[in-house]
Amino acid sequence: MAKGHKMETIGQIIKRVLARQGMEKGLKEGEVLARWEDIVGEKVAKHSEAVALESGILFIKVNDSTWRNELSLMSEVLKDKINDEFDEIRVDRIHLI
């Protein structure tokens, strides 16, 4: 390897290839769903599941009306927390189902 060149990680290579194929958006959306519990915490994740992210709308399945109300009140905080986690806007709106 030539001096001054940094070696890419496999993750960087995969992201670059997916971006070229126009698939990076799907990967970013999948990351939000896969990391739901890490982002919102065990307590919230125990009562909810991020099921889809389409066109900036995060669809969250909630297991009861009490938690639906709680997450409704927390929606702006959750949205900001998710976007802060990824250092970019991935979620524009949250829809509870």
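Scroll up for the structure.
Below: a short report on this structure.

Calculation notes
Residues numbered from 1 in each chain as written. Predicted model: local features only at pLDDT ≥ 70, side-chain atom pairs only at ≥ 80, totals over all residues. Heavy atoms only, no water. Helix = DSSP H or I, 4+ residues; strand = E, 2+ residues; numbered from the N terminus. Buried < 20%, exposed > 50% of the residue type's maximum accessible area, 1.4 Å probe, protein only. Contact = heavy atoms within 4.5 Å. Areas by Shrake-Rupley, 256 points an atom, 1.4 Å probe, with all protein chains shown as cover. Expected span 1.5 Å × (residues − 1). Polar contact = N/O pair within 3.5 Å; in protein donor to acceptor, adjacent residues only side chain to side chain. Salt bridge = Lys/Arg side-chain N within 4 Å of Asp/Glu carboxyl O. Pairing = 2+ DSSP bridges. Axes fitted to C-alpha atoms, helices over the stretch in contact; angles between N-to-C directions.

### Quick word on the overall build of the chain
Now for step 1: Scanning the chain from N- to C-terminus turns up 5 helices and 3 strands.
Now for step 2: Put simply, the chain has 97 residues, and 31% of those count as buried.
Now for step 3: Considering only contacts within the chain whose residues lie at least 6 apart along the sequence, 50% involve residues at least 24 apart.
Now for step 4: Summed over all atoms, the accessible surface of the chain reaches about 6900 Å², with 52% contributed by carbon and sulfur.

### Details of helix H5 (residues 65–86)
Now for step 1: Helix length check: H5, at 22 residues, gives a terminal C-alpha distance of 29 Å against a target of 32 Å (1.5 Å per residue), a fit within 8%.
Now for step 2: Considered for burial, the residues of H5 that qualify are Trp67, Leu71, Ser75, Leu78, Lys79, Ile82, Asn83 and Phe86.
Now for step 3: The N-cap of H5, judged by a side-chain oxygen 3.1 Å from the amide nitrogen of Thr66 a few residues on, is Asp64.
Now for step 4: Directly after H5, the chain includes Asp87, whose backbone phi takes a positive value near 55 degrees.

### A short note on the pattern of salt bridges
Now for step 1: In total, this model carries 4 salt bridges according to the counting rule given.
Now for step 2: The salt bridge involving Arg90 is made with Glu31; its shortest N-O contact spans 2.8 Å. Here Arg90 is found in the loop between H5 and strand E3 (93–96), whereas its partner Glu31 is found in helix H2 (residues 24–34), with 59 residues between them in sequence.
Now for step 3: Taking relative accessible area as the criterion, Glu31 reaches 22% and is therefore assigned partly exposed.
Now for step 4: A single salt-bridge network, built from bridges that share partners, covers Glu31, Glu88 and Arg90.

### Regarding the sheet that holds strand E1 (residues 48–54)
Now for step 1: Reading across the sheet, the 3 strands line up as E1-E2-E3 and stay open at both edges, with mixed pairing between neighbours. In this open sheet, the two strands that pair with only one neighbour each are E1 and E3. Strand-to-strand twist across the sheet, computed as the mean angle between neighbouring axes with direction ignored, equals 25 degrees.
Now for step 2: Pairing of E1 with strand E2 (residues 57–62) involves 6 bridges; the strand directions are antiparallel. Residue pairing across strands places Glu54 opposite Ile57, the latter belonging to E2.
Now for step 3: Strands E1, E2 and E3 of the sheet are contacted by H5, whose axis makes an angle of about 155 degrees with E3.

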